[in-house]
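Read off the chains here:
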Amino acid sequence: MFKLFVTLLRGRNADAAESLTDAAALPILRQQLRDCAAGVETARRAVAMVMTYAERERKASARISAQLADLETRALAALAQGREDLATEAAGAIAQLEAEAATTASALATYDAEIAHLRSVLSDAETRLRDLQRGQRLAIATDHSQRLHGAATVATLDEAEATLARLQTRQSNLDATRAAMLELSASTNAEAMQNRLAALGCGAPLRPDAASVLQRLKARAA
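Parameters and conventions
Residues numbered from 1 in each chain as written. Predicted model: local features only at pLDDT ≥ 70, side-chain atom pairs only at ≥ 80, totals over all residues. Heavy atoms only, no water. Helix = DSSP H or I, 4+ residues; strand = E, 2+ residues; numbered from the N terminus. Expected span 1.5 Å × (residues − 1). Buried < 20%, exposed > 50% of the residue type's maximum accessible area, 1.4 Å probe, protein only. Contact = heavy atoms within 4.5 Å. Core = buried A, V, L, I, M, F, W, Y, C linked by side-chain atoms within 4.5 Å.

The end-to-end C-alpha distance of helix H2 (residues 25–80) is 81 Å, a good match for the 82 Å that 56 residues give at a rise of 1.5 Å each. Regarding H2, the residues found buried are Leu 26, Leu 33, Val 40, Val 47, Val 50, Ala 54, Glu 57, Ala 60, Ile 64, Leu 68, Ala 75 and Ala 78. Of the residues trailing H2, Gly 82 is marked for its positive phi of about 80°.

Here it is in structure tokens:
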């Protein structure tokens, strides 16, 4: 029983959380898109930074290549002049530059590969973000439309129709009451006038009096 109660409680908590999430879906989506946009901007800066490093290595490679070409030309000139000692020193410098050139080329290849990867990721993220932003605009427009149709239009129209029906019923009742009162007043006034005229001897009496009853009894006795 306790396990069933715990399961029921967890289910109600899950339903409440889901209802809260549904009710706050648009604010949650707006914040998530702000986070996504910030992430895309961070990715852009990362790509720009790696491109800056790559460009620095590319310039270093060009500089090393130019130095190697110059040193080789001068070493050959030293050999031509019989200055093998100078040529040997130049060969040592050339070897160091070649090692540096190899390191630079490796770093540049790594940077280029990373740039290609980051650009692919960034392009995909930008596309998905644009789709989400379009979806968000549509969701906001739909929500506004549903609120207008659901809350403003239907509910307000229903309320207005109910108010009008109550007003018409009340006015109808007032009209019926007024007509009944007028009719009652007219009837009462006419009856009063008839009684007054009959009492003054104008026309036949409306109610039998003692004299007429006695006369009728004498007639029956005879």
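By the element assignment, Arg 130 lies in helix H3 (residues 84–199). Sequence separation between Arg 130 and Ala 37 is 93 residues; the distance between their C-alpha atoms is 9.6 Å.

A few words now on the side chain of Thr 104. Within the secondary structure, Thr 104 sits in helix H3. Judged by relative accessible area, Thr 104 falls into the buried class, the value being 6%. Discounting residues that sit within four places of it in the chain, Thr 104 has contacts with Glu 57, Ala 60, Ser 61 and Ile 64.

Let's shift gears to the nonpolar core. Within the largest apolar cluster, 10 residues are counted, these being Leu 33, Val 40, Val 47, Val 50, Ala 54, Leu 108, Ile 115, Leu 118, Leu 122 and Leu 129. Counting only elements with at least two residues in this core, the list comes to H2 and H3. Those residues within four positions of Leu 118 in sequence are excluded, and the remaining contacts are Ala 46, Val 47 and Val 50. If you look at the next biggest cluster of nonpolar residues, it comprises 6 residues, including Ile 64, Ala 90, Ile 94 and Leu 97.

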